[in-house]
Structure formats: C-alpha cells, structure tokens
Amino acid sequence: MVCDQVLTFNNGLKMPALGYGTWQAPDNEVELALNHALEAGYRHIDAAPVYMNEKTIGRVLKQWLDSGRVKREELFVTTKLPPTANLPECVETTLRNSLNDLQLDYVDLYLIHTPFGAFFENGDIKRKENGEVVINPATDHIAVWKKMEEICEKGLAKSIGVSNFNEKQIERLLKNCKIRPANLQIEHHVYLQQPKLIDFCQKEGIIVTAYSPLGSKGIAELNKMFGIERKLPDLMEIPEVKEIAKAHGKTPAQVLLRWIVERGISAIPKSTNPERLKQNLNIFDFKLSAEEINRMNALDANVRICDFKFFPGMEKHPEFPF
C-alpha cells in the first residue's frame, strides 16, 4: 500500500503526506528498517547528515532503484544542511557530500536543519571542556538562503526549506528571497501544536512537516547520555487518544498521525518495527469527527520534547529559536 496522499508545495511539486523518519536509526537498524518501510509503501524518506546513516540509506535506495522495484521519480528524499555547515560557503559542498552518500543526483527537498550554527571538530559539534557546544554566532540566514537558492537553480535540490525556524526567522527569509521556502519541518504533536506558527506558514503557502509526531522515546536516551534527567510524556497513553482509537478500531499512533494529516500537515514517524511501519501508513481509511478533532486540539500543553538541551550552551546562540 503506497502512500498516495500528497501535499503540494508553492512551486507545484508534490510530497507524500506520510514519510519515514530516520533520526536515531543507527546503521545496524536503518538498513533493515528502510527495506521494511519501502516494502510497506513508504516513498517519502527523511534523512540528514547528523543522523550519521546517509551512506546506509543510499545503499538501500540504490538496491531498490537498480532492481527496478522503485523509480527515482516515485521517491521523495529529504536531507538537511547541518548546524556545523550553516555557512554560505558550505551549502553546495555539504549537499554534494550528501548526494554522494545517498547515491542520488538530486534530493527532492533540502532544508536548513537549524537556524543556529556551531563549530565542527573531529567529526562532531565542537565542545568545551565543560561539555558546552562552541556556537558560531555569525550565522547569516540571508547569505545561506542565497546559496540554497543556487543549489535549487542548479537542480541539486528540487525544493528548499527550513527546519526548527520560528516565525520571525521565516519572515526574514520571505522578505529577502527569490525562491520562497517550500517547507518548514518542526516538532509537532498533540502536546506541542504551535497553532500560530502553523497558521502563519499555511497563509504563506509553506507546507509544514511534523517530526516526532508520536513523541520520541529516543530523546530520553539522548538526554541520559548528557546527564539530563527529564520525564517525557508518552503520547500513546493519553486517555482521550486511546478512547478515540478504540472507537475507530485503530491504534493510538494511527489516531495521532491521522489528526496531523487531516490538518494539511505531513508527518515523518520513525519506527524499526515492520508491523508498526505498516500500521503508521494505514491511516487513510478513516476520518476523525469534528468533536474528536476538538478533543485532540484541547490537549495542547506546549510541551517541547526536542528542546536541544542535549546541545548544552546552544541556547546562547543569537538565533536560538525557542
């Protein structure tokens, strides 16, 4: 069952409403999981250099393309400009590196991963002795965006956009661009709905993509690595969501995803479980009632799960968006 529900960008290109997220999917998991995802019908693949698995993703995609099981035009592949390359002189080189790893001639969507920048050292974000990241305060969104436009004009990316930007930062781009952002990728789920930002994007013709649409248990593990103790909500256990799921004969995850796509937003859930991969894709055969949507809208608690605390000191960056 291929996901054939699409959202149309402001340049007329289309993106599948449901995609497969690859964050926190290490090489030993992502190869098998991506094969399962493609077999289940996912054609929208979300990647990034900082996920450290683009070479494996590229190997799987090449196998599928070479075997004829999928055509390039049937795939929608996103990758991103990492915080350590958030400089105009790094845009094209970094994308070409990703294309080499992904074994593709172009990506369908290239995003600026974060509005802030940091220095690079020994294959990772540079850190001080106390563990704080070494920020690069010279981040210039307008200069970087001009280079994003150039890689779009060269055909290396079909569409360009941003991730984790706030309304003010997007407005700055809109006032200084030749090519408008096609997409904003943000954390979005019932506990962090960000209605003002989403309304702004929809009025400006910018399609929103929800990352961590089902929450993110992996964030808890990441936080522990950096000594951060924080109890995170389990969206699958929300009573209202469980009740609605039971009424439709669906899982809580399917209801959470259906609520997102019914609002004209795409979602990129991540799973390595073959059965859950299929379930997450099987959300287009039911609709939520107006009452159910209102119940879920009322759950907004402004709880940000991915608050970037695992990058201690990043909040000091002048472009930190939250």
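Residues numbered from 1 in each chain as written. Predicted model: local features only at pLDDT ≥ 70, side-chain atom pairs only at ≥ 80, totals over all residues. Heavy atoms only, no water.

Here we take up the overall build of the chain. What the chain contains, in helices and strands, is 11 helices and 12 strands. What you see for the chain is a C-alpha radius of gyration of 19 Å, in line with the 20 Å of a compact globule of 322 residues. Principal-axis analysis of the C-alpha atoms places the extent of the chain at approximately 55 × 45 × 40 Å. Considering the chain as a whole, with its 322 residues, one finds that 54% of them fall into the buried category. For the chain, the accessible surface area stands at approximately 14300 Å², while carbon and sulfur atoms represent 49% of it. On the chain, the mean spot of the 41 positive side-chain charges and the mean spot of the 43 negative ones are 1 Å from each other. (Helix = DSSP H or I, 4+ residues; strand = E, 2+ residues; numbered from the N terminus. Rg over C-alpha atoms; globule rule 2.2 N^0.38 Å. Buried < 20%, exposed > 50% of the residue type's maximum accessible area, 1.4 Å probe, protein only. Areas by Shrake-Rupley, 256 points an atom, 1.4 Å probe, with all protein chains shown as cover. Lys, Arg positive; Asp, Glu negative; His and termini not counted. Charge placed at Lys NZ, Arg CZ, Asp CG, Glu CD.)

Attention now moves to unusual backbone geometry. For glutamine 103, which is not a glycine, the phi torsion comes out positive at approximately 60 degrees. Structurally, glutamine 103 is set in the loop between helix H3 (91-102) and strand S6 (107-112). One non-glycine residue, asparagine 122, adopts positive backbone phi at about 55 degrees. With respect to the secondary-structure elements, asparagine 122 resides in the loop between strand S7 (120-121) and strand S8 (124-125). Taking relative accessible area as the criterion, asparagine 122 reaches 77% and is therefore assigned exposed.

For a regular strand, side-chain orientation follows a simple rule: the groups alternate between the two sheet faces. For strand S5 (residues 76-81), a buried count of 6 out of 6 residues is recorded, marking the element as mostly surrounded by other parts of the structure. Judged from the 3 bridges that link them, strand S4 (residues 44-46) and S5 form a sheet pairing that is parallel. Residue pairing for S5: aspartate 46 is matched across the bridge by threonine 78. Once you follow S4 into helix H2 (residues 54-67) and on to S5, the crossover reads as right-handed. One ladder, built from 4 bridges, connects S5 with S6; its direction is parallel. Paired with threonine 79 across the strands is tyrosine 110, a residue of S6. Read as a crossover between parallel neighbours, the route from S5 over H3 to S6 is right-handed. (Pairing = 2+ DSSP bridges. Right-handed = clockwise from strand over helix to strand, strands pointing away.)

So, on to the UniProt feature "site: Lowers pKa of active site Tyr" (unreviewed entry) in the chain. As annotated by UniProt and renumbered to match this structure, "site: Lowers pKa of active site Tyr" (unreviewed entry) occupies Lys80. Side chain to side chain, lysine 80 and aspartate 46 meet in a polar contact 2.7 Å long. (UniProt positions renumbered as here; feature names shortened; annotations may be inferred. Polar contact = N/O pair within 3.5 Å; in protein donor to acceptor, adjacent residues only side chain to side chain.)

Moving on, we get to the environment of alanine 157. By secondary structure assignment, the location of alanine 157 is in strand S9 (residues 157-163). For alanine 157, a relative accessible area of 1% puts it in the buried group. Sequence-wise, alanine 157 and aspartate 108 are 49 residues apart; in three dimensions their C-alpha atoms are separated by 5.6 Å. In contact with alanine 157, other than residues within four places in its own chain, are Leu95, Val107, Tyr110, Ile151 and Cys152. (Contact = heavy atoms within 4.5 Å.)

Tallying each qualifying case throughout the model produces 11 aromatic pairs. Their ring planes at 45 degrees and their centres at 6.4 Å tell us that tryptophan 23 and phenylalanine 310 sit as a pair that is tilted. Placement of tryptophan 23 in the loop between strand S3 (20-21) and helix H1 (27-40) and of phenylalanine 310 in the segment after helix H11 (290-297) is noted, with a sequence separation of 287 residues between them. Geometrically, the ring pair formed by phenylalanine 308 and phenylalanine 322 is stacked, given 5.9 Å between the ring centres and 25 degrees between the ring planes. Separated by 14 residues along the polypeptide, phenylalanine 308 in the segment after H11 and phenylalanine 322 in the segment after H11 bring together distant segments of the chain. Judged by its relative accessible area of 39%, phenylalanine 322 falls in the partly exposed class. Three or more aromatic residues link up through ring pairs in this structure, and these residues are Trp23, Tyr51, Phe116, Phe308, Phe310, Phe311, Phe320 and Phe322. Note that lysine 158 overlies the ring of tyrosine 106, its terminal NZ or CZ placed 4.6 Å from the centroid. (Phe/Tyr/Trp six-rings, centres within 6.5 Å; stacked < 30°, edge-to-face > 60°. Lys NZ or Arg CZ within 6 Å of the ring centre and 35° of its normal.)

At a closest axis distance of 9 Å, the pairing of H3 and helix H4 (residues 141-153) adopts a crossing angle of 45 degrees. Relative to H4, the element H3 lies oblique. Residues Val91, Glu92 and Leu95 of H3 touch H4, and the partners they reach there are Val144, Lys147, Met148 and Ile151. Considered class by class, the residues forming the contact of H3 with H4 number 5 nonpolar, no polar and 2 charged. (Axes fitted to C-alpha atoms, helices over the stretch in contact; angles between N-to-C directions. Parallel < 35°, antiparallel > 145°, perpendicular 65-115°, else oblique. Nonpolar A, V, L, I, M, F, W, Y, C, P; charged D, E, K, R; others polar.)

Take helix H10 (residues 274-281) next. Within H10, burial applies to Leu277, Asn280 and Leu281. What you see down the axis of H10 is that its buried residues fit within an arc of 100 degrees, all on one side. Buried positions along H10 lie against S3, H1 and helix H9 (252-261). (Arc of directions from axis to C-beta.)

Evaluated as defined, the whole model comprises 0 disulfides. Not engaged in a disulfide, the cysteine cysteine 90 finds its nearest cysteine sulfur in cysteine 152; these two sulfurs lie 19 Å apart. Take cysteine 201: it sits in no disulfide, and the sulfur closest to it among the cysteines is that of cysteine 177, at 13 Å. (Disulfide = S-S within 2.5 Å.)

Relative to the elements of secondary structure, glutamate 31 occurs in helix H1. For the pair glutamate 31 and glycine 58, spaced 27 residues apart in sequence, the C-alpha to C-alpha distance is 9.6 Å. When near neighbours in sequence (up to four residues on either side) are disregarded, glutamate 31 contacts Thr56, Arg59 and Val60.

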